[in-house]
Amino acid sequence: MTTTAPGAGFRSLGQPVARRIATRAAEAGLLGRTFLLHGPPGAGKDAFLDDLLALVFCAAADADRPCNACRGCRDARARSHPDLVIGSPAVWRESRGTGESIVAAARRWLLDAAGAPIVADRRVVVIERADAASEHIQNALLKVLEEPTPRHTFVLVAAEPTRLLPTIRSRCQPLRIGPVPRDELAAHLVDVERLPRDYADAIARISGGLAGTATALAREQEQLKWRHRTQEELLALLRRGRADRFAAVRDLIDGAVGLAGAAPAPADDEEDAPATRTPASVQREAATLVVEAWIALARDLLVAAAGRPDLAPGIELGEGIPEAAAGLRPAQLLAVLHRLEEIHAGLRENASPRLSLEAAMLTWPSLAPAS
């Protein structure tokens with residue numbers, strides 16, 4: 001008799017504890033519960049969610065689940081299964097009727113989502129970015145979770161689970177998605193993404209072991225180039241005044257808009273500007289990407305300022321990091337990191353993209369101009 005590792009049919013990378021919890025729940029017939037899938041942005045939560053959905057909907061009786069061959073697995077991974085319902089604060093906002101509040105739209109959606117399954121044993125209700133939901137919406141969700149049925153599985157996806165109500169968290173089985181060991185991640189990038197070993201090693205370091213970030217960088221070289229350009233601009237702004245820093249905010253946002261899913265906004269004096277202006281949600285996502293690159297740079301500067309530039313993950317992309325760090329104090333950089341993390345959280349709560357980056361510029365320390 002042969003044995004296989006827990007979650008042998010999973011396609012996501014790493015996460016042995018989360019795999020073990022999910023597969024044991026499946027073996028014990030305990031998939032009719034609420035899971036809290038959480039981890040930092042870029043950790044690979046979407047990939048693990050695909051595995052979890054395939055596990056729930058897998059129709060194979062005598063094979064290791066998920067089998068990845070049956071109709072249930074295929075439809076689950078394609079997010080097209082008739083018993084799969086996916087919502088989020090953004091979905092509820094966009095689905096509002098005339099005069100309807102987002103809270104009312106969320107309650108209506110939750111009522112519809114709680115319907116009976118169509119073809120499978122249970123219906124799966126996924127709520128993405130659940131931690132971005134307001135307290136009123138979370139209270140509405142709590143009422144649904146307080147009366148669970150064996151024919152429903154709820155999956156809450158969150159980057160910051162502490163922003164969920166404690167009463168919601170207490171009703172969830174947590175599945176934490178975290179960094180993957182860098183050697184394992186680099187080997188995956190070589191074997192699956194077909195990257196040269198040195199390039200794979202660099203991306204594994206830059207991504208901090210986050211599989212989702214690493215895969216995106218491997219598949220979208222433009223994103224890696226954008227990150228390099230953005231961090232170079234931020235390093236240059238260490239030696240520039242406030243006016244130059246504020247003027248750079250729009251360029252930084254526009255430079256990330258393509259990665260956030262849209263073309264840059266037109267100039268204010270273009271005739272068609274009102275019709276083609278980048279949606280606020282896309283600008284906010286672009287600003288979020290900038291802040292995430294900024295946080296990574298600040299962490300690299302902090303490590304270098306502490307005397308270990310060789311341990312800075314992004315050193316391969318930032319030739320100016322050791323030089324800049326020599327003129328900065330660790331206490332300054334810790335304050336910057338704290339502020340950037342606050343701004344990052346604010347953007348997730350619909351803060352103004354431009355004002356958020358301007359606030360970050362006020363915290364960014366100053367170096368003497370290069371002679």
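Summary of the structure given here. (Residues numbered from 1 in each chain as written. Predicted model: local features only at pLDDT ≥ 70, side-chain atom pairs only at ≥ 80, totals over all residues. Heavy atoms only, no water.)

1. Focus on the overall build of the chain
1) Next: Across its full length, the chain carries 17 helices and 5 strands.
2) Next: Taken over 371 residues, the chain has a buried fraction of 47%.
3) Next: Across the chain, every contact between residues at least 6 apart in sequence was considered, and the portion connecting residues at least 24 apart equals 69%.
4) Next: Just so you have it, the chain exposes about 18100 Å², and 52% of that area is on carbon and sulfur atoms. (Helix = DSSP H or I, 4+ residues; strand = E, 2+ residues; numbered from the N terminus. Buried < 20%, exposed > 50% of the residue type's maximum accessible area, 1.4 Å probe, protein only. Contact = heavy atoms within 4.5 Å. Areas by Shrake-Rupley, 256 points an atom, 1.4 Å probe, with all protein chains shown as cover.)

2. Focus on unusual backbone geometry
1) Next: Positive phi values are uncommon outside glycine, yet N68 reaches one of about 65°.
2) Next: Of note, N68 is situated in the loop between α2 (45–57) and α3 (71–77).
3) Next: A positive phi angle, near 60°, is found at R79, a position not held by glycine.

3. A few points about the packing of aromatic side chains
1) Next: Tallied over the entire structure, the rule returns 3 aromatic pairs.
2) Next: Between the aromatic rings of F10 and F48, the centroid separation amounts to 5.6 Å while the plane-to-plane angle is 65°, which identifies the pairing as edge-to-face. Of the two residues, F10 sits in the segment before α1 (16–27) while F48 sits in helix α2, which places them 38 residues apart along the sequence. (Phe/Tyr/Trp six-rings, centres within 6.5 Å; stacked < 30°, edge-to-face > 60°.)

4. Remarks on the pairing of strand β1 (residues 34–38)
1) Next: Counting buried positions along β1 gives 5 out of 5 residues, so the element sits mostly inside the fold.
2) Next: Side-chain alternation along β1 places T34, L36 and H38 on one buried face and F35 and L37 on a second face that is also buried.
3) Next: For β1 and strand β4 (residues 152–158), the ladder comprises 5 bridges, and the chain directions are parallel. By the bridge assignment, L37 is partnered in β4 with V157.
4) Next: Bridging between β1 and strand β5 (residues 173–176) involves 4 bridges; their strand directions are parallel. Bridged to F35 within β5 is Q173. (Pairing = 2+ DSSP bridges.)

5. So, the nonpolar core
1) Next: Counting residues in hydrophobic clusters, the biggest one holds 41 residues, and the most contacted among them are L234, W294, L301, L340, L357 and W364.
2) Next: Residue assignment for this core shows that the elements contributing at least two residues are α11 (221–237), α12 (242–260), α14 (280–305), α15 (321–325), α16 (330–348) and α17 (353–363).
3) Next: For L301, the contacting residues outside a window of four places in its chain are L235, I321, A324, A325, L328, L333 and W364.
4) Next: Core analysis: the second largest hydrophobic core is formed by 29 residues, A18, L49, L84 and V124 among them. (Core = buried A, V, L, I, M, F, W, Y, C linked by side-chain atoms within 4.5 Å.)

6. Structural notes on the environment of A306
1) Next: Note on placement: A306 falls in the loop between α14 and α15.
2) Next: Among the residues examined, A306 registers a relative accessible area of 59% and is labelled exposed.
3) Next: A C-alpha to C-alpha distance of 9.9 Å links A306 and L328, two positions 22 residues apart in sequence.

7. Concerning the pattern of salt bridges
1) Next: In the structure shown here, the tally under the stated rule is 17 salt bridges.
2) Next: Taking the shortest distance from any N to any O, the salt bridge between R77 and D51 comes out at 2.8 Å. One end of the pair, R77, is in helix α3; the other, D51, is in helix α2, with 26 residues separating them in the sequence. Just as R77 is buried, D51 falls in that class too.
3) Next: Here E292 and R348 are joined by a salt bridge, their closest N and O atoms 3.7 Å apart. Placement of E292 in helix α14 and of R348 in helix α16 is noted, with a sequence separation of 56 residues between them.
4) Next: One network of salt bridges, with partners in common, ties together D50, R79 and E128. (Salt bridge = Lys/Arg side-chain N within 4 Å of Asp/Glu carboxyl O.)

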